Structure formats: C-alpha cells, structure tokens
Amino acid sequence: GRNSKKALQAFQKQIGVPVTDFSNILPSTVEALKNIETATQGFLDKVAYGEGAKAGDETDYEIVYGNGIYIKPEIDGISTGLSGAPNASVKITDMTFAQLYDYQNKLIAATTGKIPAGKDKDGKKLYRKDGTSALGKYQVVRDSLFGKNGTAENPKANSWAGILKLDENTVFTPEIQERIGRLALKQSGFDNWLYNRNGGKSESNMLNGVARIWASVEGSTADQGTQTTQASLEPYLKVLRNRGVSD
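Let us look at the structure shown here. (Residues numbered from 1 in each chain as written. Predicted model: local features only at pLDDT ≥ 70, side-chain atom pairs only at ≥ 80, totals over all residues. Heavy atoms only, no water.)

Overview of the pattern of salt bridges
Point 1. Under the defined criterion, the tally for this structure stands at ten salt bridges.
Point 2. Here Lys137 and Glu178 are joined by a salt bridge, their closest N and O atoms 2.9 Å apart. Pair noted here: Lys137 is in the loop between strand 2 (125–127) and helix 4 (142–146) and Glu178 is in helix 6 (residues 174–187), with a separation of 41 residues, a long-range link.
Point 3. Given the relative accessible area of 7%, Lys137 is considered buried. (Salt bridge = Lys/Arg side-chain N within 4 Å of Asp/Glu carboxyl O. Helix = DSSP H or I, 4+ residues; strand = E, 2+ residues; numbered from the N terminus. Buried < 20%, exposed > 50% of the residue type's maximum accessible area, 1.4 Å probe, protein only.)

Here we look at the nonpolar core
Point 1. Residues Phe43, Phe97, Leu145 and Ile180 are the most contacted members of the largest nonpolar core, which totals 49 residues.
Point 2. Elements with a contribution of two residues or more to this core: helix 2 (27–50), helix 3 (97–111), helix 4, helix 5 (160–164), helix 6, helix 7 (190–195), helix 8 (203–213) and helix 9 (230–241). (Core = buried A, V, L, I, M, F, W, Y, C linked by side-chain atoms within 4.5 Å.)

What to know about the packing of aromatic side chains
Point 1. Summed over the entire model, instances satisfying the criterion amount to seven aromatic pairs.
Point 2. Residues Phe43 and Phe190 carry aromatic rings whose centres are separated by 5.5 Å and whose planes lie at 50° to one another, so their mutual orientation is tilted. Separated by 147 residues along the polypeptide, Phe43 in helix 2 and Phe190 in helix 7 bring together distant segments of the chain. The two residues Phe43 and Phe190 agree in class, both being buried. (Phe/Tyr/Trp six-rings, centres within 6.5 Å; stacked < 30°, edge-to-face > 60°.)

Structural notes on the side chain of Asp60
Point 1. Structurally, Asp60 is set in the loop between helix 2 and helix 3.
Point 2. For the buried Asp60, no salt bridge is present, and the opposite-charge side chain at shortest range is Lys137, 5.9 Å distant. (Lys, Arg positive; Asp, Glu negative; His and termini not counted.)

Here we look at the side chain of Glu74
Point 1. In this fold, Glu74 is placed in the loop between helix 2 and helix 3.
Point 2. In terms of polar contacts, Glu74 uses its side chain to reach the side chain of Lys106, at 2.7 Å.
Point 3. Discounting chain neighbours no more than four positions away, the residues touching Glu74 are Ser79, Val90, Met95, Tyr103 and Lys106. (Polar contact = N/O pair within 3.5 Å; in protein donor to acceptor, adjacent residues only side chain to side chain. Contact = heavy atoms within 4.5 Å.)

Details of helix 9
Point 1. Look at helix 9: only 14 Å from first C-alpha to last across twelve residues, short of the 16 Å you get at 1.5 Å a residue.
Point 2. Every buried residue of helix 9 is listed here: Leu233, Leu237 and Leu240. Burial along helix 9 is one-sided: seen end-on, the buried residues are contained in an arc of 50°.
Point 3. Of the residues flanking the end of helix 9, it is Arg243, one or two places downstream, whose phi is positive at about 55°. (Expected span 1.5 Å × (residues − 1). Arc of directions from axis to C-beta.)

As for the packing of helix 8 against helix 9
Helices that pack against each other are described as a pair by the angle of their axes relative to one another and the distance between those axes.
Point 1. Contact geometry for helix 8 and helix 9: axes closest at 13 Å, N-to-C directions at 130°. Between helix 8 and helix 9, the interaxial angle falls into the category oblique. Taken as a pair, helix 8 and helix 9 cross one another with a handedness that is right-handed. In contact with Glu203, Met206 and Leu207 of helix 8, helix 9 contributes Gln230, Leu233, Leu237 and Arg241.
Point 2. Residues of the contact of helix 8 with helix 9, tallied by class, amount to four nonpolar, one polar and two charged. (Axes fitted to C-alpha atoms, helices over the stretch in contact; angles between N-to-C directions. Parallel < 35°, antiparallel > 145°, perpendicular 65-115°, else oblique. Left-handed = near helix turned anticlockwise from the far one by under 90°. Nonpolar A, V, L, I, M, F, W, Y, C, P; charged D, E, K, R; others polar.)

Here's the deal with the pairing of strand 1 (residues 116–119)
Point 1. Note: strand 1 against strand 2, two bridges, orientation antiparallel. Each bridged residue has a counterpart across the sheet, and for Lys119 the counterpart in strand 2 is Lys125.
Point 2. A loop of five residues connects strand 1 with strand 2, the two strands running antiparallel in sequence, and Gly123 in this loop sits at a positive phi of about 85°. (Pairing = 2+ DSSP bridges.)

A look at unusual backbone geometry
Point 1. Residue Gln139 is not a glycine yet carries a positive backbone phi of 50°.
Point 2. Relative to the helices and strands, Gln139 resides in the loop between strand 2 and helix 4.

Quick word on the environment of Ala39
Point 1. Mapped onto the secondary structure, Ala39 falls in helix 2.
Point 2. Between the C-alpha atoms of Ala39 and Lys238, which are 199 residues apart in sequence, the distance is 8.9 Å.
Point 3. Every residue in contact with Ala39, bar those within four places of it in the chain, is listed here: Tyr236, Val239 and Leu240.

Topic: helix 6
Point 1. For helix 6, built from 14 residues, the straight-helix expectation of 20 Å at 1.5 Å per residue is met to within 8% by its first-to-last C-alpha distance of 20 Å.
Point 2. For helix 6, the set of buried residues is Pro174, Ile176, Gln177, Glu178, Ile180, Gly181, Leu183, Ala184 and Leu185.
Point 3. Following helix 6 by one or two positions, Gly189 adopts a phi angle in the positive range, close to 100°.

By themselves these figures say nothing about function.
Written out as structure tokens, the structure is:
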C-alpha cells in the first residue's frame, strides 16, 4: 500500500540503495522494516528514560535539568503566563530556538558550580565547575544543538540545528525533538552499524558512541552515574542485529 511504499522509500534513503520496483517487495521485508523502526525508537526511548524522560507522555519533552529547581523555563524573564491560564508555566516545547538558546544560557549560569559530582575521600560533596544546558526528552545541550560559539540565528554548519536546517524561528516541539534524537543517534555510529555503511562499525564502538552523547548510558566517562545499562538495551539490539527478521 501507499504507507508501505513510503516506509520503503525512507528505508532506501537510509541505506543508500535505490529501490525502483516496489511491486516485488516481499511482505516479510516490510515486516522487517517495521520491526527495525520499532526497535530503533524503543532504543532511543530507553536512553531518554535514563536521561529523565520517565513519564512516557508529552511531559517528557518539557523536562529541563533539575526540573526547574535552578531556573524555571522562561521567555524574556517571564516563567508564567505564556498562553493558557495566567499562572501556567512556560514550556520549552512552546519556545522558538531563539528563546531556547537564551534560556539555555541562563540554565548554564544557574547550574555552574552546583551540579553534584560525587564525594571526596572524606565524604565531602563535590560539584562540577561547569554548568549544563540539558533539556528536552533527549537532554539536548546548547553546544550540540547550535555548535560551539554558534547561536540560534547563526548555528554552526556541523551543529544539529545546522545539519537539520532549523532556524531561530523553529519551535522546540516534540516532533523536532524526535528529529534531533534520530540525528544524535546517527552520529553515534548507529546507522553505520545497522546498515553496515562506510565500512560498518562494531556494536561496542556504536554503544560507546551513544555513551559519549548521553552521559547516563553505560560506558560514559561523565560523573552522572549509569542509568541505562547495555543489558537494558539488549531487547532492542537483538532485533536490530537480526535486521528486523524474527527468529
């Protein structure tokens, strides 16, 4: 049908192999592609869960580091009253990238020197010297989104906003966050591993790439603590290793 054809066209774009005759595509191939898509999203959702997106609904896209204890989401210094009820909190999913960039700068300033980093040998609490700008379902940070020294108006070409061609008027909606999540996953080496592109990538290297992007994933060198183990990702990896083909 039409939806299957669209799915296959999207798949051929991923693998870089043209498919011209859709009439000969086997139902088992379509089923495998659906399984790959489901497992890929499940993998991403599991990573997001470890990053704090635990509700499983739209509120996962609204989270900010510290859940607002350092500084609540705000636009032009106002944290309430953006549409809806007078005391409704501003949501990052309502923000344009220009507003998001401004808030991320404020979040960095508010968290600098306040992020827990374990304890010293005497049991004294330690804190990171830097701050963070992590927000949204995938805990997107400013320098990844806009690039180091990039802005919402002028993102760096290799930044996520630059690659996806998202400008300062783009709104940080759930749909946009999912596109960013997929790009981040691709940059971890996931697509090269899954589709054996560019010489392929080992599964362990791919997982290390995921851990470099998301600090809560096992293998990360950040001081955040592991929330997502490789074992917890195994149900999705099993499907993906088989390229969506059921045992």
